[in-house]
Amino acid sequence: MNKVMTLLRLAAAATLTAAATLTAALACAATPGLQTGKLELKSAGPLAFGPDGILFIGDSLNAAVFALSTGDTAKSAAPRIEITGIDAKIAALLGTEPAQILIHDVKVNPLSKNVYISVSRGRGPDALPVIVRLDGAGKLTALALDSVSFSAARIPNPPVSNLAAERRNPRLETITQIAYVDGRIIVAGLSNEEFASNLRTIPYPFTQGSQDQARGASIKIFHGSHAEYETQAPVRTFLPMKIAGVDQIVAAYTCTPLVTIPVSALKPGAKVTGKTIAELGMGNRPLDMIAYRKDGHDFILLANSYRGTMKLSAENLDQYPPIEDGVTIAGVHGAHVSALKDVLHLAKLDDDNALILAGRDSLDLRSVPLP
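So, how was this worked out
- Residues numbered from 1 in each chain as written.
- Predicted model: local features only at pLDDT ≥ 70, side-chain atom pairs only at ≥ 80, totals over all residues.
- Heavy atoms only, no water.
- Phe/Tyr/Trp six-rings, centres within 6.5 Å; stacked < 30°, edge-to-face > 60°.
- Lys NZ or Arg CZ within 6 Å of the ring centre and 35° of its normal.
- Salt bridge = Lys/Arg side-chain N within 4 Å of Asp/Glu carboxyl O.
- Buried < 20%, exposed > 50% of the residue type's maximum accessible area, 1.4 Å probe, protein only.
- Helix = DSSP H or I, 4+ residues; strand = E, 2+ residues; numbered from the N terminus.
- Pairing = 2+ DSSP bridges.
- Core = buried A, V, L, I, M, F, W, Y, C linked by side-chain atoms within 4.5 Å.
- Contact = heavy atoms within 4.5 Å.
- pLDDT = per-residue confidence, 0-100.
- Axes fitted to C-alpha atoms, helices over the stretch in contact; angles between N-to-C directions.
- Polar contact = N/O pair within 3.5 Å; in protein donor to acceptor, adjacent residues only side chain to side chain.

Asker: So what about the packing of aromatic side chains? Which residues, and what values?
Answerer: In this description, an aromatic ring pair is defined by two values, namely the gap between the centres and the angle between the planes. Within the structure shown, the criterion is met by eight aromatic pairs. Grouped by ring-pair contacts, the aromatic residues Phe56, Tyr180, Tyr204 and Phe206 constitute a single cluster. Lysine 220 extends its terminal NZ or CZ atom over the ring of tyrosine 229, reaching a point 5.1 Å from the ring centre. Seen from the ring of phenylalanine 299, lysine 311 lies directly overhead, with NZ or CZ sitting 4.2 Å from the centre.

Rendered as structure tokens:
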């Protein structure tokens, strides 16, 4: 019995030491513009990585994007990942049941290749936001945020919070996707303005003037399957891409327009009309997308709620005429990737492999070759 107790104490001490080491790394990483203190998240949604291991966290309930210094900058090769029941493992880490876990996003640190997962522990308005890290050895750790280096960009004009909303609290649509590109964080979501659909480009490091930039541009698109222009639908997922030498956003919307939007047009307060270059099918919600190059050609991999995972050509996207008539399927064509089923999230692991979160009753996290 004494031997068993000793082993349990040693295991507990090792866990505390690992957590303390991770917390110290988070707190001590010095990056200009960051403050040290307690990072109080109200929600943990879309994630993105910037330079020097900076993790950007979209917090819709707080109407803010936080930049967190992870201190996770040691370069590493991408591991092979195969974790069955990742939701159950995260639930056990957080002391709850798998049914009480919601995974909102999965991103890979491009330096360390460690995986970061935004999670809700619990459901409804009292759910607790958590950021979980998976290292190359397969160990899960919940990030302690009591004393960390971070900064924030506040999002002006967010949708009004309505916990009694019939379907979904509109405040949760404040931030639907984020990405870091060339010194800017790009934020998609909704505002409370007349043209609710919004894209914001916020310079990083964040400054006192970031809120002016965060006002963003209002976006109008032609929705082919609805045969009308729309200003209320948020971008569900997007990619920053250079198309014919021009920086563009390739954005996917519910039911399912694919739209290009020039980054140069995203001025605070501007009203911008995107160019619809594809209709991928009705009754479908795009979930996540990544860009990659294979065999000398450029592709987009797009995970969908209804139409499965699609591989789209990302070449000559500027040459597609704008869709301005009622159509169901048109423009850029996608081929279904039958081997990738029930994919909820996609992340680029390296030049040859993707990381996918997939499943229905139970969720698995695994690396797969890019198709």
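Asker: I'd like to hear about the pattern of salt bridges, residue by residue, with values.
Answerer: Following the criterion strictly, the structure yields nine salt bridges and no others. For arginine 80, the salt bridge goes to glutamate 82, with nearest N and O atoms at 4.0 Å. Between aspartate 247 and lysine 242 there is a salt bridge, with the nearest N and O atoms lying 2.7 Å from each other. You can call aspartate 247 partly exposed: its relative accessible area is 30%. Through salt bridges that share partners, Arg168, Glu173 and Arg236 make up one connected network.

Asker: Explain the pairing of strand β16 (residues 237–243) residue by residue, including any values.
Answerer: Regular strands place side chains that alternate from one sheet face to the opposite one. Within β16, five of the seven residues are buried, leaving the element largely enclosed by the surrounding structure. Sheet topology places β16 next to strand β17 (residues 246–252); seven bridges connect them, and they run antiparallel. Bridge pairing links isoleucine 243 to valine 246 in β17. Taking the residues that link successive antiparallel strands as the turn, the β16-β17 hairpin has two residues, and the phi of alanine 244 there is positive, at about 50°.

Asker: Kindly report on the nonpolar core, identifying the contributing residues and their values.
Answerer: Formed by 23 residues in total, the largest nonpolar core has its most connected members in Ile86, Ile90, Ile103, Val115 and Leu365. Contributions of two or more residues to this core are made by α2 (86–93), β6 (101–108), β7 (115–121), β8 (128–134), β27 (353–359) and β28 (363–369). A per-element tally of this core places β6 first, with four residues. Excluding residues that lie within four positions of it along the chain, valine 115 makes contacts with Ile81, Val106, Lys107, Val108, Val132, Arg133, Leu134, Leu355 and Leu365. Listed in part, the 19 residues of the second largest apolar core include Val181, Ile186, Ala188 and Val235.

Asker: Which residues make up unusual backbone geometry, and what are the values?
Answerer: Tyrosine 204 connects to proline 205 through a cis peptide bond whose omega is 10°. Take proline 205: it is sitting in the loop between β13 (197–203) and α3 (210–214). A positive phi is found at aspartate 182, a non-glycine position, where the angle reads about 50°. Considering the arrangement of structural elements, one finds aspartate 182 in the loop between β11 (177–181) and β12 (184–190).

Asker: Residues and numbers for the environment of lysine 89, please.
Answerer: One can find lysine 89 in helix α2. A C-alpha to C-alpha distance of 8.2 Å links lysine 89 and leucine 140, two positions 51 residues apart in sequence. Beyond its immediate stretch of four places on either side in the chain, lysine 89 contacts Ile83, Thr84 and Leu140.

Asker: Go over the sheet that holds β17 with me, naming the residues and quoting the values.
Answerer: Strand-to-strand pairing in sheets goes through backbone hydrogen bonds, with the strands running parallel or antiparallel. The antiparallel open sheet is built from five strands, whose spatial order is β16-β17-β18-β20-β24. The open sheet has two free edges, formed respectively by β16 and β24 (330–331), since each of these has just one partner strand.

Asker: Now, about the pairing of strand β14 (residues 217–223): what can you tell me, with residues and values included?
Answerer: Burial analysis of β14 places six of its seven residues in the buried class, the great majority of the element. Across two bridges, the pairing between β13 and β14 is antiparallel. Across the sheet, leucine 199 pairs through a bridge with alanine 217, a residue of β14. Here β14 pairs with strand β19 (residues 271–273) via three bridges, running parallel. Residue pairing for β19: isoleucine 219 is matched across the bridge by valine 272.

Asker: Lay out the confidence of the model for the protein with the relevant residues and their values.
Answerer: This prediction gives the protein a mean pLDDT of 90; 89% of its residues lie at or above 70. In this model residues 1–30 is a low-confidence stretch, pLDDT under 50, and it forms 21 contacts with partners more than four residues away in sequence or in other chains.

Asker: Quick rundown of the sheet that holds β7? Include the residues and the values.
Answerer: Strands sit in the order β6-β7-β8-β9 across an open sheet of four strands; the sheet is antiparallel. The open sheet has two edge strands, β6 and β9 (140–142), and neither has a second partner. The average undirected angle you get between the axes of adjacent strands in this sheet is 25°. Relative to the sheet, α2 contacts β6, β7, β8 and β9, its axis offset from that of β9 by approximately 45°.

Asker: An account of the side chain of threonine 276 is requested, with residue identities and associated values reported.
Answerer: Examined against the element boundaries, threonine 276 turns out to sit in strand β20 (residues 275–279). Among the polar contacts listed, one links the side chain of threonine 276 to the backbone oxygen of phenylalanine 222, at a separation of 2.7 Å. The residues contacting threonine 276, other than those within four sequence positions of it, are Ile221, Phe222, Pro257, Leu258, Val259, Pro321, Pro322 and Ile323.

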